[in-house]
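An overview of the molecular structure
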Amino acid sequence: MSSIDRSQSVGGTRTYEVRTYGCQMNVHDSERLSGLLEDAGYVRAPEGADGDADVVVFNTCAVRENADNKLYGNLGHLAPSKARRPGMQIAVGGCLAQKDRDTIVKRAPWVDVVFGTHNIGKLPVLLERARVQEEAQVEIAESLEAFPSTLPTRRESAYAAWVSISVGCNNTCTFCIVPALRGKEKDRRPGDVLAEIEALVAEGVSEITLLGQNVNAYGSDIGDREAFSKLLRACGRIEGLERVRFTSPHPRDFTDDVIAAMAETPNVMPQLHMPLQSGSDTVLKAMRRSYRQERYLGIIEKVRAAIPHAAISTDIIVGFPGETEEDFEQTLHVVREARFAQAFTFQYSKRPGTPAAEMDGQIPKKVVQERYERLAALQEEISWEENKKQVGRTLELMVAEGEGRKDGATHRLSGRAPDSRLVHFTKPEQEVRPGDVVTVEITYAAPHHLLAEGPTLEVRRTRAGDAWEKRNTAGAAEPAGVMLGLPKVGVPEPLPAIAGGCAID
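Cut-offs applied
- Residues numbered from 1 in each chain as written.
- Predicted model: local features only at pLDDT ≥ 70, side-chain atom pairs only at ≥ 80, totals over all residues.
- Heavy atoms only, no water.
- Helix = DSSP H or I, 4+ residues; strand = E, 2+ residues; numbered from the N terminus.
- Buried < 20%, exposed > 50% of the residue type's maximum accessible area, 1.4 Å probe, protein only.
- Arc of directions from axis to C-beta.
- Contact = heavy atoms within 4.5 Å.
- Axes fitted to C-alpha atoms, helices over the stretch in contact; angles between N-to-C directions.
- Parallel < 35°, antiparallel > 145°, perpendicular 65-115°, else oblique.
- Left-handed = near helix turned anticlockwise from the far one by under 90°.
- Nonpolar A, V, L, I, M, F, W, Y, C, P; charged D, E, K, R; others polar.
- Phe/Tyr/Trp six-rings, centres within 6.5 Å; stacked < 30°, edge-to-face > 60°.
- Lys NZ or Arg CZ within 6 Å of the ring centre and 35° of its normal.
- Core = buried A, V, L, I, M, F, W, Y, C linked by side-chain atoms within 4.5 Å.
- Pairing = 2+ DSSP bridges.
- Expected span 1.5 Å × (residues − 1).
- Polar contact = N/O pair within 3.5 Å; in protein donor to acceptor, adjacent residues only side chain to side chain.
- Right-handed = clockwise from strand over helix to strand, strands pointing away.

Observations concerning the overall build of the protein
Of regular secondary structure, the protein possesses 16 helices and 23 strands. Within the protein, buried positions represent 57% of all 505 residues.

Listed below in structure tokens is the structure:
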């Protein structure tokens, strides 16, 4: 079948493909982009289409130094397809589009549409305009035009969903370009957030993750410093909502009322992702991080006192400009003291447009690599030790979809514990669906996962499992995702954050 034939193989309707790079915020935005395109009559291209769709959308990230090289490489790969198929369209959105604007069309003149982080709702209109006018459409809004949660969404999961509570960030971290691209923090009205969650639960969702570039600063835009803890407690009153998570908070805004809300709200999970970045006060100051080592470790201590079984993860940057060996040792000290369940570690790389990119004292790659390996080895050891403490515990798992790559060969299924640890468990005789809940006993620990090798103690079929089954039933109207049009409730609203806004908040 030729490329042209393939692109027209879904009932003669134009097909689309969305390629996503970067953080959870981009993943969530891509669900909106998919929803918008389907609302406009497009259908998703078959798996493995690899550029054979009629519309290919790149949702880009600007955090990594080589982000632009990756984008232009991918655009170049599609150029021959575009030349063979005049009706094909290519769109570029996201943070890199917000930053580079007209540069994209100059370097890749075969691109049809460039849109930014603030106007994703314009994509279908821009595609149609580019088709009619036969010229590239570049439209970058400088501020949020409409909160993205008012847009249609095609969720990838039937049982778990992102819910954005704010968009933008008021911090000025010297390594991060996200605030310049996402803008100042804009909070969503609590009533609108809760209305979305209730609509999701009505669709069968049983787990939600609250998203924000700086999620626990929620309320600063609406004048309520305790708005985030109040929101967590309100989530606890939503019937049918079993699990609530959030990402990513900032130590500066992590207050005692939030810890209390986590501890006292049963469906708020015992999990916390708290970015550290560095354990050195000197480096934290150079990063413009508004906390110091003592403050950070104090938060960890309070969380552990209130929620003893909490799994705490973090982000760490190695080799920030000016980092000395003594500075790095301070990071290792915090890692030993905090005993993270998991750490996402990054070798510092220049983000064009950030103050840190122009700082003196850039660390040689060899030194950064050596420090990175030492940190990774230490964290691996701690992760394994912390996971071994789980052996013998009885845990409730929410069965996951696609998280156990070897499940087929091992006759196991996979699920997430309340603290988000990944557990592979023996497949029970009773049918179990993603979204259902099983009770197992942990028998073995590896650094990055747990095993439950004995029989499943209990299987609880859930509405979330029903939703997954309905979505995947042959001939169902929505076999590849769930469309959700959100209601407008209350005051007109003013949304979003792998790991927070840029994975390194």
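Brief notes about helix α6 (residues 123–133)
Restricting attention to buried positions, one finds in α6 the residues L123, P124, L126, L127 and A130. Relative to the axis of α6, the buried residues are bounded by an arc of 165° and lie together on one face. Looking at the packing, one finds that the buried side of α6 touches α2 (24–39), β3 (55–60), β4 (89–94), β5 (113–115) and β6 (137–139). E134 sits one or two positions beyond α6 and adopts a positive phi of about 55°.

So, the packing of helix α8 (residues 190–202) against helix α9 (residues 227–235)
Two elements in contact, α8 and α9, have axes whose closest approach is 11 Å; the angle formed by their N-to-C orientations is 25°. For the element pair α8 / α9, the angle class is roughly parallel. Remark: the crossing between α8 and α9 carries right-handed chirality. Across from V193, L194 and I197 in α8, the residues of α9 making contact are L231, A234 and C235. A class-by-class count of the residues in the contact of α8 with α9 yields six nonpolar, no polar and no charged.

A short note on the packing of aromatic side chains
Under the counting rule described, the total for this entry stands at four aromatic pairs. Centre to centre, the rings of F228 and F246 are 5.1 Å apart; their planes meet at 85°, and the pair counts as edge-to-face. With F228 in helix α9 and F246 in strand β12 (residues 243–247), the pair connects residues that are 18 residues apart, well separated along the chain. The burial state of F228 is the same as that of F246; both residues are buried. Between Y296 and F340 the ring centres are 6.4 Å apart and the planes differ by 65°, which places this aromatic pair in the edge-to-face class. Of this pair, Y296 sits in helix α12 (residues 293–306) while F340 sits in the loop between α13 (325–338) and β15 (342–347), and the two are 44 residues apart along the sequence. What links up through ring pairs into an aromatic cluster is the set Y291, Y296 and F340. Its guanidinium or amino end placed over the ring of Y72, R107 lies 3.8 Å from that ring's centre, counting from NZ or CZ. Looking at K388, its charged tip hangs above the ring of W384, at a distance of 4.6 Å from the centre.

Some words on the nonpolar core
Core analysis: the largest hydrophobic core is formed by 68 residues, its most contacted members being I197, L210, L232 and F254. The greatest single-element share of this core, amounting to six residues, is contributed by α9. Not counting residues within four places of it along the chain, the set of residues in contact with L210 comprises V163, I165, I197, V215, F228, L231, L232, V244, R245, F246 and T247. Ranked by size, the runner-up nonpolar core spans 23 residues in total, among them L78, V92, C95 and I104.

Digging into the sheet that holds strand β14 (residues 311–318)
The three strands are arranged β13-β14-β15 in an open sheet whose pairing can be described as parallel. Unpaired on one side and paired on the other, β13 (271–273) and β15 mark the two borders of the sheet. Across the sheet, the mean angle separating the axes of adjacent strands is 10° when strand polarity is ignored. Across three bridges, the pairing between β13 and β14 is parallel. Counted as the bridge partner of Q271 is A311 from β14. Its contacts with the sheet place helix α14 (residues 365–388) against β14 and β15, and it is angled at close to 175° to β15.

What about α8?
If you check α8, its first and last C-alpha atoms are 18 Å apart, about what 13 residues at 1.5 Å a residue would give, namely 18 Å. The set of residues buried in α8 consists of D192, V193, L194, A195, E196, I197, A199, L200 and V201. G204 lies just past α8 and shows a positive phi near 115°.

Remarks on unusual backbone geometry
A negative phi angle characterises most non-glycine residues, just as the trans form characterises most peptide bonds. A cis amide bond links T247 to the next residue, S248, at an omega of -10°. If you trace the backbone, S248 turns up in the loop between β12 and α10 (256–264). A positive phi angle, close to 60°, is found at H411, a residue other than glycine. Its place among the elements puts H411 in the loop between α15 (407–410) and β17 (412–416).

With respect to the sheet that holds strand β19 (residues 437–441)
The strands that make up a sheet pair up through hydrogen bonds in the backbone, lying either parallel or antiparallel. Strands sit in the order β20-β21-β18-β17-β16-β19-β22 across an open sheet of seven strands; the sheet is mixed. Looking at the sheet topology across the chains shown, the edges are occupied by β20 (444–445) and β22 (458–460). Pairing geometry for strand β16 (residues 394–399) and β19, over five bridges, is antiparallel. Each bridged residue has a counterpart across the sheet, and for T394 the counterpart in β19 is E441.

Quick look at the side chain of S157
If you trace the backbone, S157 turns up in the loop between β7 (153–155) and β8 (160–164). One polar contact links the side chain of S157 to the main-chain amide nitrogen of Y159, over a distance of 3.1 Å. In terms of polar contacts, S157 uses its side chain to reach the backbone amide nitrogen of A160, at 3.0 Å.

So, the environment of R245
Summarising the element assignment, R245 is placed in strand β12. Taking the C-alpha atoms as reference points, R245 and L211, 34 residues apart in sequence, are found 8.9 Å from one another. Dropping the residues within four chain positions of it, R245 is found in contact with E207, I208, T209, L210, M269, Q271, A417, P418, D419 and S420. Looking at R245, its side chain comes within polar contact range of the side chain of Q271, at 2.8 Å.

Things to note about the pairing of β15
Pairing of β14 with β15, which is carried by six bridges, proceeds in the parallel orientation. Its bridge partner being in β15, D315 is matched across the sheet by F344. Of the crossover connections in this fold, the one passing from β14 over α13 to the parallel β15 is right-handed.

A short note on the environment of I104
Of note, I104 is situated in helix α5 (residues 102–107). Classification of I104 as buried rests on a relative accessible area of 0%. The sequence separation of I104 and Y72 amounts to 32 residues, and the corresponding C-alpha distance is 8.3 Å. Not counting chain neighbours up to four residues away, the residues in contact with I104 comprise L71, Y72, L75, V92, L96, A97, V111 and V114.

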